[in-house]
Amino acid sequence: MRVLVTGGAGYIGSHTVRALIEAKHEPVVIDNLVYGHKKVIQNIFKTPLICGNIGNTNLLKSVIFGTHNELISTNHEGKMIDAIIHFAAYAYVGESVKQPLKYYKNNVSESINLLDIICSNDVISRRSSSDPIPIIFSSSCATYGIPKETPITENTPQNPINPYGKSKLMVEEIIKDLAISCNLKSVILRYFNAAGASPDSVIGEDHCPETHLIPLAIKAAFESKPLKIFGDDYPTFDGTCLRDYIHVCDLANAHVLALKIFEKKQVHLKHDYKNNDLCKIYNLGNGSGISVKQIINIIEKVTQKEIKIIIEKRREGDPTSLIASASKIIQELGWEPKYPNIYDIVSHSISWYTKSSFQ
Ligand code: UDP
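Predicted, not measured: the structure shown is a model, and the values here were computed from it.

What to know about the confidence of the model for the protein chain
Then step 1. The share of residues in the protein chain with pLDDT of 70 or more is 96%, and the mean pLDDT across the chain is 94.
Then step 2. Across residues 265–275, where pLDDT falls below 50, the model places 20 contacts with residues more than four positions away in sequence or in other chains.

Here we look at the site of the ligand
Then step 1. Neighbouring residues of the ligand: 15 residues in total, closest L213, K228, R243, R315 and D318.
Then step 2. Take L213: an N or O atom from its main chain is 2.8 Å from an oxygen atom of the ligand.
Then step 3. Out of a free accessible area of 510 Å², the ligand has 88% covered by protein chains.
Then step 4. Put simply, the parts of the chain that give the shell around the ligand at least two residues each are α8 (213–223) and β8 (227–230).
Then step 5. Here the shell around the ligand takes 4 residues from β8, the largest share from any one element.
Then step 6. Looking at the shell around the ligand residue by residue, the classes come out as 8 nonpolar, 3 polar and 4 charged.

So, unusual backbone geometry
Then step 1. In this model, T150 is joined to P151 through a cis peptide bond whose omega is -5°.
Then step 2. When you line up the elements, P151 lands in the loop between β5 (135–140) and α7 (163–182).
Then step 3. For K46, which is not a glycine, the phi torsion comes out positive at approximately 50°.
Then step 4. A relative accessible area of 65% means that K46 is categorised as exposed.
Then step 5. A positive phi angle, close to 60°, is found at Q304, a residue other than glycine.

Regarding helix α3 (residues 57–64)
Then step 1. Those residues of α3 lying buried are L59, L60, S62, V63 and I64.
Then step 2. Close packing links the buried residues of α3 with β1 (2–6), β2 (26–31), β3 (49–51), β4 (83–86), α5 (100–118) and α6 (121–124).
Then step 3. Just beyond α3, the residue with positive phi is G66, at close to 75°.

Section: the packing of α5 against α7
To characterise two packed helices, one gives the angle between the axes of the helices and the distance between these axes.
Then step 1. At a closest axis distance of 9 Å, the pairing of α5 and α7 adopts a crossing angle of 20°. In terms of their interaxial angle, α5 and α7 are classed as roughly parallel. Along this stretch, α5 crosses α7, giving a crossing that reads as right-handed. Between α5 and α7, the residues in contact are P100, Y103, Y104, N107, V108, S111, I112 and L115 and P163, Y164, K166, S167, M170, V171, I174, I175 and L178, respectively.
Then step 2. When the residues that make up the contact of α5 with α7 are grouped by side-chain class, the tally is 13 nonpolar, 3 polar and 1 charged.

Regarding the nonpolar core
Then step 1. Counting residues in each nonpolar core, the largest one holds 40 residues, and the members touching the most others are I41, I136, V187, L189, L284, I329 and W335.
Then step 2. For this core, the elements supplying multiple residues, two or more each, are β1, α1 (11–22), α2 (38–44), β4, β6 (186–191), α9 (248–262), β11 (279–284) and α11 (327–333).
Then step 3. Examining the composition of this core, we find that 11 residues originate from one element, α9, more than from any other.
Then step 4. If near-sequence neighbours (up to four positions away) are discounted, W335 is found in contact with I246, D250, A254, L257, L284, G285, N286, A326, I329 and I330.
Then step 5. In terms of nonpolar packing, the next biggest core, distinct from the first, is built from 31 residues, V28, I30, V63 and L178 among them.

Conventions used here
- One numbering rule holds for all chains: residues counted from 1, following each sequence as written.
- Local features in a predicted model are, by the rule used here, given only for residues with pLDDT of at least 70; side-chain atom pairs are given and counted only at 80 or more, and totals for whole chains, interfaces and linings are based on all residues.
- Only hydrogens and water are set aside when side-chain values are computed; all heavy atoms of the structure are taken into account.
- Each residue carries a pLDDT score, the predictor's confidence in it, ranging from 0 to 100.
- Only heavy atoms matter for contacts: two residues are in contact if any of them lie within 4.5 Å across the pair.
- For this purpose, a residue is taken to be near a molecule or strand whenever a single non-hydrogen atom of the residue falls within 4 Å of it.
- Polar contact criterion, stated in full: a pair of N or O atoms within 3.5 Å, where within protein one must be able to donate a hydrogen and the other to accept it, and residues adjacent in sequence count only if both atoms are side-chain atoms.
- Under the convention used here, a 1.4 Å probe and the Shrake-Rupley method define accessible areas, while residue burial counts only the protein chains that appear.
- Only DSSP runs of H or I covering at least 4 residues are called helices, and only runs of E covering at least 2 are called strands; the numbering of each starts at the N terminus.
- Throughout, the ten residues Ala, Val, Leu, Ile, Met, Phe, Trp, Tyr, Cys and Pro are labelled nonpolar, Asp, Glu, Lys and Arg are labelled charged, and all others, Gly among them, are labelled polar.
- Accessible area is worked out with a 1.4 Å probe on protein chains only. A residue is then buried under 20% of its type maximum, exposed over 50%, and partly exposed in between.
- In this analysis, axes come from line fits to C-alpha atoms, helices being fitted only over the stretch in contact, and the angle between any two N-to-C directions falls in the range 0 to 180 degrees.
- Roughly parallel covers angles under 35 degrees, roughly antiparallel covers those over 145, roughly perpendicular covers 65 to 115, and oblique covers all other angles.
- Left-handed describes a crossing whose near helix is turned anticlockwise from the far helix by less than a right angle; the clockwise case is right-handed.
- Side-chain atoms within 4.5 Å are what join buried Ala, Val, Leu, Ile, Met, Phe, Trp, Tyr and Cys residues into a set we call a nonpolar core.

Right under this line is the structure:
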């Protein structure tokens, strides 16, 4: 399929672009490059990258219709996009609390523009199926807030506790409404903690600023900097928070599987679009809770380096435990994580860190 990947130069987006290419899809990336990495997409994956915002209607239409300058003389010239994978969003929880409008503007308003275009008559009338362009939406376990049950299923009530989680939930709700109003087909994927890097160390996690535990702990190990633990008084076995870490390549592959829902040839899949069930929702995690201290111990073992720690007070908005039940995507789409072991996830991050830092 010809797939438009919004935010495709980011961490999960770039791993997904690679998975799409390997599955013989033809991705086109649109990314404003505020946090994304251009070089990976253009130089390594040789994939068209259009720099811009999805809030820019003219730009977005030209990409969807294959008329944008960057697409001239490529396989995409004059051809319409078949499906969208929508990653483009800001994702710093702490920042979202301080600057909520930044999140509602970017994550919600810009998504509304994207949805408006893919559901417009202009687009629908040019598609052979006469329906909106189907979309996979990158959502988050942050939409559940402080969950009342563990593991979290797709039916666990969603009560987000920060503007980031709320922005993701708002877009989920809009997508569900569009299934009813104009038959928009969609898959909503709620990620738990994405981590790791490609096993060949070509791409990895490179946020700026970095706030995530695993890359910060690796940096602390190699650069002998102290790592802050945000709270060791949680009601868990060692006092630190539990998270469900999922390998970024397993996440990427879930998007490729989800695309099959939009293709006609997915006869073996145990789902269909009967009963107006046009919006499929899946959690993505490994179902096990790993504590902050466990992550630190594993990194110390793999790197053979000691990590100095400072115990800080709890970080605002951190739930004690976020653990997924991913049974639904396993059963319905046959998703099978290749790297469920936390040692593999952490080891791939370490290999990528050492390759990108010391070469
Ligand atoms: N964490 C920590 N020190 C850090 C970064 C994170 O103790 O420097 C903790 C954080 O409080 C949470 C867990 O590690 O309990 C995972 O945080 P991360 O930011 O990686 O992901 P989140 O779960 O917030 O999406």
